[in-house]
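# Topology and contacts: notes
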Amino acid sequence: MKITVIGAGNVGATAAQRIAEKELANEVVLVDIVEGVPQGKGLDMYESGPIEGFDSKVIGTNSYDETANSDIVVITAGIPRKPGMSRDDLLSTNANIIKSVTEQVVAKSPKSILIVVSNPLDVMVYVAQKVSGFERNRVIGMAGVLDTARYRTFIAMELGVSVEDITALLLGGHGDSMVPLPRYTSVAGIPLPELMTKEKIDAIVKRAQNGGAEIVNFLKTGSAFYAPSAAAVQMVESIVKDKKRVLPCAVYLQGEYGLSGTVVGVPVKLGKNGVEQILEIQLNDEEKALLKKSADDVKTNIDKVKL
Ligand code: APR
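Residues numbered from 1 in each chain as written. Predicted model: local features only at pLDDT ≥ 70, side-chain atom pairs only at ≥ 80, totals over all residues. Heavy atoms only, no water.

## Description of the nonpolar core
Using the following cut-off: Nonpolar cores are built from buried Ala, Val, Leu, Ile, Met, Phe, Trp, Tyr and Cys residues. Side-chain atoms within 4.5 Å join them into one set. Working definition: with a 1.4 Å probe on protein chains only, accessible area under 20% of the residue-type maximum means buried, over 50% means exposed, and in between means partly exposed. The helix and strand labels rest on DSSP assignments: H or I over at least four residues marks a helix, E over at least two residues marks a strand, and numbering proceeds from the N terminus. Domain start and end points were adopted from an automatic or database domain assignment. Contact criterion: two residues are considered in contact whenever any of their non-hydrogen atoms come within 4.5 Å of each other.
Of all hydrophobic cores here, the largest spans 82 residues; its most connected members are I6, V74, I140, M235, V266 and L270. Ranked by residue count, the leading element in this core is helix α5 (residues 121-132), at seven residues. Inspection of this core shows a minimum of three residues originating in each of domain 1 (2-141) and domain 2 (144-302). The contact partners of I6, leaving out residues within four places of it in the chain, are V31, Y64, V73, V74, I75, T76, A77, V101 and V105. With 12 residues, the next largest nonpolar core counts I166, I204, V205 and A208 among its residues.

Encoded structure:
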């Protein structure tokens, strides 16, 4: 197993470290355009192996030659948000970066599975899918795993229970209009609405929707990376180990949930072939309307991208 991470910044470097520490690949390749940074971080990580007890080899480089024949490529290249910016403000800069990165990745690793992390996430998945020409099951966006992790954290904080017992589902784009589904959220099987008032749930949903901005406002010079890298690596793990976990991921839709030609987060089964199934669940009218609004917001941005 060979895994490449493009972008050796906060998200990329932390993702590479997690992949190496979990020994999800024999070889981890870290790529960035800035000279020296991937080489330095890669070597530093490699040298943590004897202490952490992993044998994954970590290589940092500015070239795509070393990425050849990667099984999975995690794309984190791009600029992050600053306070006051929305993810959509990153659109044109990151679309150009993702286009160029994807072209270079697929030239060397035509059979790889792409996991896109750069924002605005859903549009970047669309760009990577179009530019790569890959089947849609091999181009997957990381957003829902992160958004549900935030949502689950806030529920655990409120109820004083283990995060491990909270399962949650979330649909839609990775933006303010993402759609957490309290009806499909449970604590050890107990539906969330039985444990919390609607007001409390609404406040938690709102905090999860603004979860990225909350971190940006603290950091001021960048955006979240511990939880985003953990989320991307959970997706990597499900693919590497063919675990077939059901996780909310962003994929190009062709009629599912009544949506076509756009990318939004939906529950998928992740295994060795990437997205092996899109699960369609019953939504009530309110949830359908929220998903439609979220998909429309993504589509508006997709239409702004010139490929
Ligand atoms: N090719 C390779 N690497 C690139 C390119 C490119 N064309 N353009 C930029 N990069 C690199 C930068 O040099 C930098 O090292 O991408 C890295 C981004 O790292 P950070 O600035 O630390 O940003 P990070 O917090 O990692 O976020 C990256 O993920 O979560 C999203 O919104 C976030 O879009 C952002 C992305």
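## A short note on the sheet that holds strand β11 (residues 190-191)
Our working definition: Strand pairing is assigned whenever DSSP identifies at least 2 bridges connecting the two strands.
Taken together, the three strands give an open sheet; going across it, the order is β7-β10-β11, and neighbouring strands pair in antiparallel fashion. One side of each edge strand has no neighbouring strand; the edge strands of this open sheet are β7 (166-167) and β11.

## Focus: the site of the ligand
Spelled out, the test is: For this description, a residue counts as near a given molecule or strand if any of its non-hydrogen atoms is within 4 Å of it. We call two N or O atoms a polar contact when they sit within 3.5 Å, provided that within protein one can donate a hydrogen and the other can accept it, with sequence-adjacent residues counted only if both atoms are side-chain atoms. For accessible areas, the Shrake-Rupley method is used with a probe of radius 1.4 Å. Any residue's cover is judged against the shown protein chains and nothing else.
For the ligand, the set of nearby residues contains 20 residues, the closest of which are N10, V11, D32, T76 and N119. A distance of 3.2 Å separates an oxygen atom of the ligand from a polar backbone atom of I79. Within the contact set of the ligand, an oxygen atom lies 2.9 Å away from a side-chain nitrogen or oxygen of N119. Taken by itself the ligand offers 730 Å² of open surface, and the protein chains cover 85% of this.

## Concerning the pattern of salt bridges
Defined as follows: Each salt bridge in this description consists of a side-chain nitrogen of Lys or Arg and a carboxyl oxygen of Asp or Glu lying within 4 Å of one another.
For the structure on display, the rule yields 15 salt bridges. Among the salt bridges present, the one from D242 reaches K244, with a minimum N-O distance of 3.0 Å. Classification of D242 as partly exposed rests on a relative accessible area of 26%. A salt bridge links D242 to K272, with the nearest nitrogen and oxygen atoms 4.0 Å apart. Here the residue D242 occupies a position in the loop between α9 (226-240) and β12 (245-254), and K272 occupies one in the loop between β13 (260-271) and β14 (274-278), the gap between them amounting to 30 residues. The class for K272 is exposed, based on a relative accessible area of 52%. Each member of the salt-bridge network shares a partner with another, and the members are D242, K244, K272 and E276.

## A word on the domain arrangement of the protein chain
Where the parts come together, the accessible area they lose is often given as the size of the interface. Test applied: Buried surface area refers to the total accessible area, computed with a probe of radius 1.4 Å, that the two partners give up upon joining, counted for both partners together. For this scheme, ten residues count as nonpolar: Ala, Val, Leu, Ile, Met, Phe, Trp, Tyr, Cys and Pro. Four count as charged, namely Asp, Glu, Lys and Arg, and the remainder, Gly too, count as polar.
Partitioning the protein chain into structural domains gives domain 1 (2-141) and domain 2 (144-302). Distance between the C-alpha centres of domain 1 and domain 2: 22 Å. On the side of domain 2, 46 residues touch domain 1, which itself brings 35 residues to the contact. Taking both partners together, domain 1 and domain 2 bury about 3,300 Å²; carbon and sulfur atoms supply 66% of that area. The interface formed by domain 1 and domain 2 contains one salt bridge. The shortest N-O distance in the salt bridge between E256 and R136 comes to 2.8 Å. Linking domain 1 to domain 2 there are 11 residue pairs in polar contact (both at pLDDT 80 or more). Elements that contribute at least two residues to the side of domain 1 that touches domain 2 include exactly α1 (10-21), β4 (72-75), β5 (113-116), α5 and β6 (139-141). Per-element tally for the side of domain 1 that touches domain 2: the top contributor is α5, with seven residues. Its residues placed into classes, the side of domain 1 that touches domain 2 shows 19 nonpolar, seven polar and nine charged.

## So, unusual backbone geometry
In the segment running from N119 into P120, the intervening peptide bond is cis, with an omega of -5°. Structurally, P120 is set in the loop between β5 and α5. Phi is positive for K220, which is not a glycine, with a value near 70°. A residue is classified by how much of its surface remains accessible, and K220, at 52% relative accessible area, is exposed. Of note in this structure, Y257 is not a glycine but carries a positive phi near 55°.

## Focus: α5
Quick note on the threshold: For a helix, the expected span equals 1.5 Å multiplied by the number of residues minus one.
The end-to-end C-alpha separation of α5 is 16 Å, in line with the 16 Å expected for 12 residues at 1.5 Å each. Looking at α5, one finds that the buried residues are L121, D122, V123, M124, V125, Y126, V127, A128, Q129 and S132. Contacts from the buried residues of α5 go to α4 (91-108), β5, β6, β12, β13 and α10 (285-302).

## Here we look at a nonpolar patch on the surface
Heads up, the condition is: Here, patches come from residues exposed beyond 30% relative accessible area and free of salt bridges, joined within 9 Å for like charges and within 5 Å for nonpolar side chains (Val, Leu, Ile, Met, Phe, Trp, Tyr).
Together, I33, V34 and V37 line one region of the surface with nonpolar side chains, adding up to about 290 Å² of accessible area. With respect to the secondary-structure elements, I33 resides in the loop between β2 (27-31) and α2 (37-46).

## Quick notes on the packing of α1 against α9
Note the cut-off: Axis definition: a line fitted to C-alpha atoms, over the contacting stretch in the case of helices. Angles run 0 to 180 degrees between N-to-C directions. Orientation is classified from the angle alone, with under 35 degrees giving roughly parallel, over 145 giving roughly antiparallel, 65 to 115 giving roughly perpendicular, and any other angle giving oblique. Crossings are assigned a handedness: left-handed for a near helix turned anticlockwise from the far helix by less than a right angle, right-handed for a clockwise turn.
The N-to-C vectors of α1 and α9 enclose an angle of 50°; their axes lie 8 Å apart at closest approach. As far as their axial angle goes, α9 and α1 are oblique. Helix-helix and strand crossings are classified by hand; for α1 and α9 the assignment is right-handed. On α9, the residues that touch V11, T14, A15, R18 and I19 of α1 are Y226, P228, S229, A230 and V233. Class assignment of the residues belonging to the contact of α1 with α9 gives a composition of seven nonpolar, two polar and one charged.

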